[in-house]
Amino acid sequence: MAIDETAERVIPLDCEQVAGYAMDWRNDAAWTQGIREATLTREADAGGFGVGAEVTRTAYFLGRRIDYVLRVAAYEPGRLLDMVSVAGPMPMHVTYTFAPHPRGTLARIRVRGDTAGQYRAAGPVLAWKVRSSIRKDLRDLERILLPSGR
């Protein structure tokens, strides 16, 4: 079963602030559902974080520990972070986009994947869980960036 889930939220801050925080792998565990740890395990060809960099994430999903590696396929600071899995339990493609909005920043997360193999039977539940998780991710991102509850 193919999964293609998208969530979006307007966050009342500028793109640089929202995207800067969300696109920094060191913040993944603070705002991304289920992630307990994220580590830069391969730098970009030009060094640091960018196209070609790899981040290893340790997550808990449906009660199971999952370790997976995402490689940065496209990176435009303040606007786009596109990552594809290169190791893990299932093929996955995660895209974060950020665009100016009259009320701040339109933040969007899109997750695509394939639940063939060991996750085939759980496909419908997995799709629902991904949709729920990315909505919560954006809610938590806003809560972290706006602690005063603006």
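Everything here concerns the structure above.
Positions within a chain are numbered from 1, following the residues in the order the chain's sequence is written. Where totals are concerned, whole chains, interfaces and linings use all residues; where local detail is concerned, this predicted model gives features only for residues with pLDDT of at least 70, and gives and counts side-chain atom pairs only at 80 or more. Remark: hydrogens and water are excluded; side-chain values derive from all non-hydrogen atoms of the structure.

Draft legend 1. Main features of empty space enclosed by the protein. Space inside and on the surface of the protein is sampled on a 1 Å grid over the protein atoms alone, with a cavity defined as a set of points where a 1.4 Å probe fits but cannot get out and a pocket as an open set with protein on both sides within 12 Å along at least 5 of 7 lines; lining residues have an atom within 4 Å of a point. Grid points are joined across faces, edges and corners, and a volume is the space filled by probe spheres set on the points. In this structure the tally under the stated criterion is two cavities of 30 Å³ or more. The space that makes up the second largest cavity amounts to roughly 40 Å³. Forming the walls of the second largest cavity are Ala22, Met23, Asp24, Trp25, Asp28, Phe49, Val55, Arg57, Leu81, Met83 and Tyr96. Numbered from the N terminus, helices here are DSSP runs of H or I no shorter than four residues, and strands are runs of E no shorter than two. Those elements giving two or more residues to the lining of the second largest cavity turn out to be β3 (54-61) and β5 (80-87). For the lining of the second largest cavity, the per-class residue count stands at eight nonpolar, no polar and three charged. Three categories are distinguished: nonpolar for Ala, Val, Leu, Ile, Met, Phe, Trp, Tyr, Cys and Pro, charged for Asp, Glu, Lys and Arg, and polar for the others, with Gly belonging to the last.

Draft legend 2. Molecular detail of the nonpolar core. What makes a nonpolar core is a set of buried Ala, Val, Leu, Ile, Met, Phe, Trp, Tyr and Cys residues whose side-chain atoms join them at distances within 4.5 Å. With a 1.4 Å probe rolled over the protein chains alone, any residue whose accessible area is under 20% of its type maximum counts as buried; one over 50% counts as exposed, and the rest are partly exposed. Formed by 33 residues in total, the largest nonpolar core has its most connected members in Val18, Tyr96, Phe98 and Leu141. Broken down by secondary-structure element, the contributors of at least two residues to this core are β1 (2-11), α1 (15-22), β4 (64-76), β5, β6 (92-101), β7 (104-114) and α3 (123-145).

Draft legend 3. Quick peek at the pattern of salt bridges. Within this document, salt bridges are pairs made up of a side-chain nitrogen of Lys or Arg and a carboxyl oxygen of Asp or Glu, the two lying within 4 Å of each other. Counting across every chain of the model gives eleven salt bridges. For Arg71, the salt bridge identified is with Glu54, shortest N-O distance 2.4 Å. Here Arg71, found in strand β4, pairs with Glu54, found in strand β3; they are 17 residues apart in sequence, far enough to count as distant.

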